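Summary of the model geometry
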Amino acid sequence: MITLYHCEAARSCRPLWMMEEMGLPYELKMLPFPPRVFAKEYLAINPLGTIPFMIDGETRMTESSGICHYLGIKYGPTPLMIGPEDPAYGAFLNWMYFSDATLTFPQTLVLRYSQHEPEQRNNKVVGDYAKWFLGRLRAVEAATANADTLCAGRFTAADIAIGFALRLAETTGLAKDFGPNVAAYWARLQQRDGFRRAVAAEQKAGIEQNVAARVRA
């Protein structure tokens, strides 16, 4: 069985959502955020101390969008994936990488320097990287102007990957600045049964494992 180490509303939301969309069985292990501070024993499992950490047999993975890609290929076929024979393949891969490198990275700095390390609070870092995120979000605003999803005319893993970045924006306090297309797109994503099951699963596991919910901005 797949084991996923997860923090509420963290990057590990991507593979959790992916597994729910695919109907895969898994074990969810909840950790307080950030685990490198509040669950130091986790370092013996994942020396990076980061979330997610997925175990699937002999496979160990730490990159959330990569895990989604892995799950889609290994446990497919699934309409969540787009293959190289599809004209949308390049766009699909671009969104998968864009989701973390471009949309999640700046938000981690906003989160760190506004909430999690008060002794190192830096309003300039927060302001600069908030602008970075919102500037790059224009790509999603444009892509969803006349389409319900990002590519191939259907919901895919790319929407899961980008969707998490939008969920994170609620934690960082940046969701209030979404453009109208992004706001409507994010609202649609939250209506998916797979997303709702993923959120319900993390809430249930958090209660059962006595892990407090993450504080919101």
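Everything that follows concerns the structure shown earlier in this document.
Residues numbered from 1 in each chain as written. Predicted model: local features only at pLDDT ≥ 70, side-chain atom pairs only at ≥ 80, totals over all residues. Heavy atoms only, no water.

With 58 residues, the main nonpolar core has Met18, Leu71 and Val140 as its most contacted residues. For methionine 18, the contacting residues outside a window of four places in its chain are Cys68, Leu71, Gly72, Leu80, Met81, Ala157 and Ile160. Counting residues in each nonpolar core, the second largest holds nine residues, with Tyr5, Tyr42, Ile51 and Phe53 among its members. (Core = buried A, V, L, I, M, F, W, Y, C linked by side-chain atoms within 4.5 Å. Buried < 20%, exposed > 50% of the residue type's maximum accessible area, 1.4 Å probe, protein only. Contact = heavy atoms within 4.5 Å.)

Between helix α7 (residues 157-172) and helix α8 (residues 180-190), whose axes approach to 10 Å, the crossing angle comes to 105°. Taken together, the axes of α7 and α8 are roughly perpendicular relative to one another. The segment α7 lies against α8, with Asp159, Ile162, Gly163, Leu166, Arg167 and Glu170 engaging Val182, Tyr185, Trp186, Leu189 and Gln190. Here the residues of the contact of α7 with α8 sort into six nonpolar, two polar and three charged. (Axes fitted to C-alpha atoms, helices over the stretch in contact; angles between N-to-C directions. Helix = DSSP H or I, 4+ residues; strand = E, 2+ residues; numbered from the N terminus. Parallel < 35°, antiparallel > 145°, perpendicular 65-115°, else oblique. Nonpolar A, V, L, I, M, F, W, Y, C, P; charged D, E, K, R; others polar.)

Evaluated as defined, the whole model comprises eleven salt bridges. A salt bridge links arginine 197 to glutamate 20; the shortest N-O distance between them is 3.2 Å. Of this pair, arginine 197 sits in helix α9 (residues 193-208) while glutamate 20 is found in helix α1 (residues 13-22), placing the two residues 177 residues apart along the sequence. Residue class for arginine 197 comes out partly exposed when judged on its relative accessible area of 37%. For glutamate 27, the salt bridge goes to lysine 29, with nearest N and O atoms at 3.2 Å. Taken together, the shared-partner salt bridges in this structure form one network comprising Arg11, Arg14 and Asp100. (Salt bridge = Lys/Arg side-chain N within 4 Å of Asp/Glu carboxyl O.)

Adjacent strands of a sheet form backbone hydrogen bonds with each other and so pair up, either parallel or antiparallel. Strand order in this open sheet of four strands is β2-β1-β3-β4, and the pairing throughout is mixed. Every interior strand has two partners, whereas the edge strands, β2 (26-30) and β4 (59-61), have only one. On average, each strand axis in the sheet is inclined to that of its neighbour by 15°, with strand direction left out of account. Bridge count for strand β1 (residues 2-6) against strand β3 (residues 53-56) is three bridges, and the pairing is antiparallel. Its bridge partner lying in β3, leucine 4 is registered against methionine 54. On the sheet, α1 packs against β1 and β2 and is oriented at approximately 140° with respect to β1. The strands touched by α9 are β1 and β2; relative to β2, the strand with the most contacts, the crossing angle is about 55°. (Pairing = 2+ DSSP bridges.)

Purely spatial values, then, with no claim about function.
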